[in-house]
Amino acid sequence: MARSKRNRSSQSNNKEVQPQSTWDDRLIRELIPWRREILGLLIFLAAMLTFLALLGLTASGLLEPWTTFLRRLAGWGIYPLVLIIAGLGLYLLLSRLELPYHVKPGQVIGLELLLLAVLALLHLAVGGGLMGALAGRGGGLIGWALSDPLVDFLGPFLTALFIFVLFSSGLVLLLRITWRLTIEWLNRTSLQLQIWSKELEIDIAEREAQRDTREAVPAITFGDRTVPLPEINAGLDEDQLIIIEDSASDVAQFQGRDEGLPSFDALEDGAVISMSREEVDHKKQTIEQTLADFGLPATVTEIRRGPAVTQFGVQPGYLEKPGPDGQLKLHKVRVNQIASLQKDLALALEVQRLRIEAPVPGRGIVGVEVPNAATSVVRIKSVIESEPYQILESPLAVALGRDVAGSPVATDLATLPHLLIAGTTGSGKSVCLNALISCLVFNNTPDNLRLVMIDPKKVELIRFNGMPHLLGKVEIEPDRVIGVLRWLTSEMDRRYELFAAIGAKHIKDYNRKIRSRRLARELKAVKLPYIAVFVDELADLMVMYPADVERTLCRLAQMARATGIHLVVATQRPSTDVITGLIKANFPARASFAVTSGIDSRVILDSVGAEHLLGKGDMLFLPPDANAPVRVQGCFVSDHEIEAIVSHWQKYSEPVPAFYLPAESREGAARAASEVATEVDRDELAADAPWEKLIVRESFINDRDEMLEQAIELAKKHDSLSTSLIQRRLRIGYPRAARLMEALYEMGMVENPKEGGRTRRTYVKEEEDPLDDFLSQAD
């Protein structure tokens, strides 16, 4: 006691001896964090004062020598130079704010080179030699030094070439123009000119068709009676028939790409195969004749050629029927009458499957989709380079294929936000998954997108192992899938806590806010990547773990959109026990390949039609904002393309940032905003998946007792623990409570029963996670 008192007295004496800081020391300490802003303010004020003095707006004569010196130095170029310096001071002053654009050092150098070239050009334009430069005309002394001596030494041509190179170099650095961007701009300009020329040709052809339109009123003959028809059902000759093929949208629209992304050379080009004009005319006449044979006058007014099918747009005609007063009147042919002749049209056209879309949404026709004799292979390269894909401007944009008119179809996975795919074996589900994955990794670096793949079939997705985008490895064991899904839910909860810490609403808002260096430094926050989850076969998982899979999938589908986690789930058995009502309600975007019956089509699309598909990539895609599905021929990705993309990313040498917490316990989620993510090696990430500890934890609990975690919580809340206390609090029998007590003793959480008797002292604290510590020591 005496020693402690002496220590406290000595500490109090030391505090009294310490000198108190003066006001100027405290002021300096307060201003040190703001030194950059203070420097920027001083530069801005000095530059603006100088600019006003150069304009003669100041009454003080103290600045006259300073302005005279500047005019002699840079001539007329001193005005933009002073404004540039003022802008630099303003940029430093506002450095703590979240600026929309950050100036690069290369741009500053480019601006300086550009200004030097302009000063030389001003001196050459004004002339006057050295005396003119001293008088402050032209480019001043700097402009004189870069022009007159060089003209005397190199000659006018080489001097002009030097100034041109100086000007071009400054412009390239200022605008950050690269040779690759220049080539892409030239390609884009050339292709845009091609589009305009094709549109001009179409306009000219339409004007000629309108000029040659027949003026006779069309009519339909019934026996010996000729009934005139309204102008809306006017007959079309060969020049008036609208044949739609994708032309302009097929032209590539190149955009600037990161140098680390795979090259377009890794993707293969595809050839377009469509019906010949003779075959189209024959099928058109067959459709019209078949409908006329059944007493349904109709005219094919539109033909849309696609890679797998050709859609003939049939406009219903009119029938002469007696009205209530006995007079003959014209009645429109009902749409259902044409749709009911589906099998008769298939027989007449000699095709195996035929689909009728009655009516086509947004157009006044009935679509008769006839399979082509040969199917064109749709490559993802042509869709990625197309305008519909480029206008999405999203990192999660994916290429789906081409529609019945041959137009590219692309969608944004972030707006879906989850996709459910179904179809029979061999219909193209796995190829579609490969195309979606290839499209995502082709346009995203690992720091922007991470992938989680689950493949119970063990053969489809394992080729993507080794990519830096992949979290862990492709999971092929159904027993581990539940742990993966639970880790995704815990990661979703952790991200929501991060959003709440900085007031962000979604992942884009969060990543935008942490770009502020001050906020990132205070919270030690890192950029969160998107996570795309691909499940190749849902039916196997639903058979083994129906309750757990449905519960975790529905929770992710309901809440994970804002956190950047998106699901793509495929199954070959679209039955109600696999695609339950809860799963359907939370997956608004669906794609159906060929199925065996209309019942399966109703399960996946809520409508019939998928049973009439051709297979081999032919699908019906139902976006969340559409009332009817769109028929699409899906993209095909060859093994060579996948190997080229995977090989490119396996050579990726940049470190991959670890955005997730290694601890899977939810007690540690509250500390997420203060954790520092470190850069780790890609092999370590692949070897130790983030859900590995969670799977080991659940396996350990299942081997012991499902209530082990609740018993650990009791041990953390009480200094002493007994079997009867566990029995009462957990409402279990005595034998089970005794087994839980023995499990706690084996894990080192309670003392030896020989020392403590019936009541045992606990060795864990409330803020600890003893189960993770025990599992780590066991490893």
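Here, the structure is the one placed above.
To start, this report covers the structure provided alongside it. (Residues numbered from 1 in each chain as written. Predicted model: local features only at pLDDT ≥ 70, side-chain atom pairs only at ≥ 80, totals over all residues. Heavy atoms only, no water.)

Some details on the overall build of the chain
- Scanning the chain from N- to C-terminus turns up 32 helices and 22 strands.
- Per-residue burial over the chain gives 45% buried out of 779 residues.
- Of all intrachain contacts in the chain linking residues separated by at least 6 positions in sequence, the fraction that spans at least 24 positions is 67%.
- For the chain, the computed accessible surface area is about 40,800 Å², with 56% contributed by carbon and sulfur atoms. (Helix = DSSP H or I, 4+ residues; strand = E, 2+ residues; numbered from the N terminus. Buried < 20%, exposed > 50% of the residue type's maximum accessible area, 1.4 Å probe, protein only. Contact = heavy atoms within 4.5 Å. Areas by Shrake-Rupley, 256 points an atom, 1.4 Å probe, with all protein chains shown as cover.)

Some details on the pairing of strand E18 (residues 630-634)
- Among the five residues that make up E18, four are buried, leaving the element largely enclosed by the rest of the structure.
- Across three bridges, the pairing between strand E10 (residues 397-403) and E18 is antiparallel. Within E18, the residue paired with aspartate 403 across the bridge is valine 632. (Pairing = 2+ DSSP bridges.)

Quick word on the pattern of salt bridges
- Under the counting rule described, the total for this entry stands at 27 salt bridges.
- For aspartate 269, the salt bridge goes to lysine 381, with nearest N and O atoms at 3.1 Å. Placement of aspartate 269 in the loop between strand E3 (242-244) and helix H12 (277-293) and of lysine 381 in helix H15 (residues 380-384) is noted, with a sequence separation of 112 residues between them.
- Aspartate 548 serves as the salt-bridge partner of arginine 486, at 3.9 Å between the closest nitrogen and oxygen. (Salt bridge = Lys/Arg side-chain N within 4 Å of Asp/Glu carboxyl O.)

A closer look at the packing of aromatic side chains
- If you walk through the whole model with that rule in mind, you get six aromatic pairs.
- Pairing phenylalanine 264 with phenylalanine 442 gives two aromatic rings, centres 5.3 Å apart and planes at 75°, and the pair type is edge-to-face. Of this pair, phenylalanine 264 sits in the loop between E3 and H12 while phenylalanine 442 is found in helix H17 (residues 429-442), placing the two residues 178 residues apart along the sequence. Here phenylalanine 264 and phenylalanine 442 have matching classes, each one buried.
- Between phenylalanine 499 and tyrosine 510, the aromatic rings sit 5.4 Å apart at their centres with planes inclined by 45°, giving tilted as the arrangement. Here phenylalanine 499 is found in helix H18 (residues 478-502), whereas its partner tyrosine 510 is found in helix H19 (residues 507-513), with 11 residues between them in sequence. (Phe/Tyr/Trp six-rings, centres within 6.5 Å; stacked < 30°, edge-to-face > 60°.)

Side note on a nonpolar patch on the surface
- Together, Phe153, Leu154, Phe157, Leu158, Leu161, Phe164 and Val165 give the surface a local cluster of nonpolar side chains, amounting to about 760 Å² of exposed area.
- At the level of elements, helix H9 (148-154) and helix H10 (156-175) are the ones that each hand at least two residues to the nonpolar patch.
- Considering each element in turn, the nonpolar patch owes the most residues, five residues, to H10.
- By secondary structure assignment, the location of leucine 154 is in helix H9. (Patch = residues over 30% accessible without salt bridge, like charges linked within 9 Å, V, L, I, M, F, W, Y side chains within 5 Å.)

Thoughts on the nonpolar core
- Counting 63 residues, the largest nonpolar core has Ile421 and Leu451 as its most contacted members.
- At nine residues, H17 tops the list of elements feeding residues into this core.
- Excluding residues within four positions of it along the chain, leucine 451 makes contact with Ile437, Val441, Met467, His469, Leu470, Leu471, Ala532 and Phe534.
- Ranked by size, the runner-up nonpolar core spans 45 residues in total, among them Leu471, Leu553, Ile579 and Ile695. (Core = buried A, V, L, I, M, F, W, Y, C linked by side-chain atoms within 4.5 Å.)

Quick notes on the side chain of glutamate 475
- For glutamate 475, the location among the structural elements is in the loop between strand E13 (449-454) and H18.
- Overall, the relative accessible area of 7% leaves glutamate 475 in the buried class.
- Residues in contact with glutamate 475, not counting those within four places in the same chain, are Met453, Ile454, Asp455, Pro456, Arg480, Val484 and Trp691.

Focus: the pairing of strand E17 (residues 618-622)
- In terms of burial, E17 is a largely internal element, five of the five residues being buried.
- Judged by which residues are buried, E17 turns out to be covered on both faces: Asp618, Leu620 and Leu622 on one side and Met619 and Phe621 on the other are all buried.
- Here three bridges tie strand E16 (residues 589-592) to E17, and the two strands are oriented antiparallel to one another. When the bridges of E17 are listed, arginine 590 appears paired with leucine 622.
- Examined bridge by bridge, E17 and E18 share four bridges and lie antiparallel to one another. Residue pairing for E18: leucine 620 is matched across the bridge by arginine 631.

Remarks on the sheet that holds E13
- The sheet built from nine strands is open, its strands ordered E11-E10-E18-E17-E16-E12-E15-E14-E13 with mixed pairing. Single-partner strands in this sheet number two, and they are strand E11 (408-412) and E13. Pairwise comparison of adjacent strand axes, ignoring direction, gives a mean angle of 30° for this sheet.
- Relative to strand E15 (residues 565-571), strand E14 (residues 530-535) runs parallel, the two sharing five bridges. Residue pairing across strands places isoleucine 531 opposite isoleucine 565, the latter belonging to E15.
- H17 rests against E10, strand E12 (419-422), E13, E14 and E15 of the sheet, and its axis sits at about 135° to E10.
- Along the sheet face, helix H24 (residues 598-605) touches E12, E16 and E17 and points at about 155° away from the line of E16. (Axes fitted to C-alpha atoms, helices over the stretch in contact; angles between N-to-C directions.)

Brief notes about the packing of helix H3 (residues 35-54) against helix H5 (residues 78-93)
- Contact geometry of H3 with H5 gives a least axis separation of 7 Å together with a crossing angle of 155°. Relative to H5, the element H3 is oriented roughly antiparallel. The hand of the H3/H5 crossing is left-handed. Between H3 and H5, the contacting residues are Arg36, Glu37, Gly40, Leu41, Ile43, Phe44, Ala47, Met48, Thr50, Phe51 and Leu54 on the first element and Ile78, Tyr79, Val82, Leu83, Ile85, Ala86, Gly89, Leu90, Leu92 and Leu93 on the second. (Parallel < 35°, antiparallel > 145°, perpendicular 65-115°, else oblique. Left-handed = near helix turned anticlockwise from the far one by under 90°.)

A few points about helix H25 (residues 639-650)
- Taking 1.5 Å per residue as the helical rise, H25 with its 12 residues ought to reach 16 Å, and the 16 Å between its terminal C-alpha atoms agrees with that figure.
- By the burial criterion, the buried members of H25 are Glu641, Ile642, Ile645, Val646 and Trp649. The arc enclosing the buried residues of H25, seen along the axis, measures out at 125°, which places them on a common side. What points out from H25, more than 90 degrees from its buried face, is the exposed set His640 and Glu643. (Expected span 1.5 Å × (residues − 1). Arc of directions from axis to C-beta.)

Considering the side chain of aspartate 509
- Among the secondary structure elements, aspartate 509 is positioned in helix H19.
- With near-sequence residues (within four places) excluded, aspartate 509 lies in contact with Gly503 and Ala504.

Considerations on the packing of H18 against helix H27 (residues 692-704)
- The contact between H18 and H27 brings their axes to 9 Å, and the two run at 120°. Between H18 and H27, the angle is such that the two are oblique. Crossing handedness for the pair H18 and H27: right-handed. Across from Arg480, Gly483, Arg486 and Trp487 in H18, the residues of H27 making contact are Glu692, Leu694, Ile695 and Glu698.

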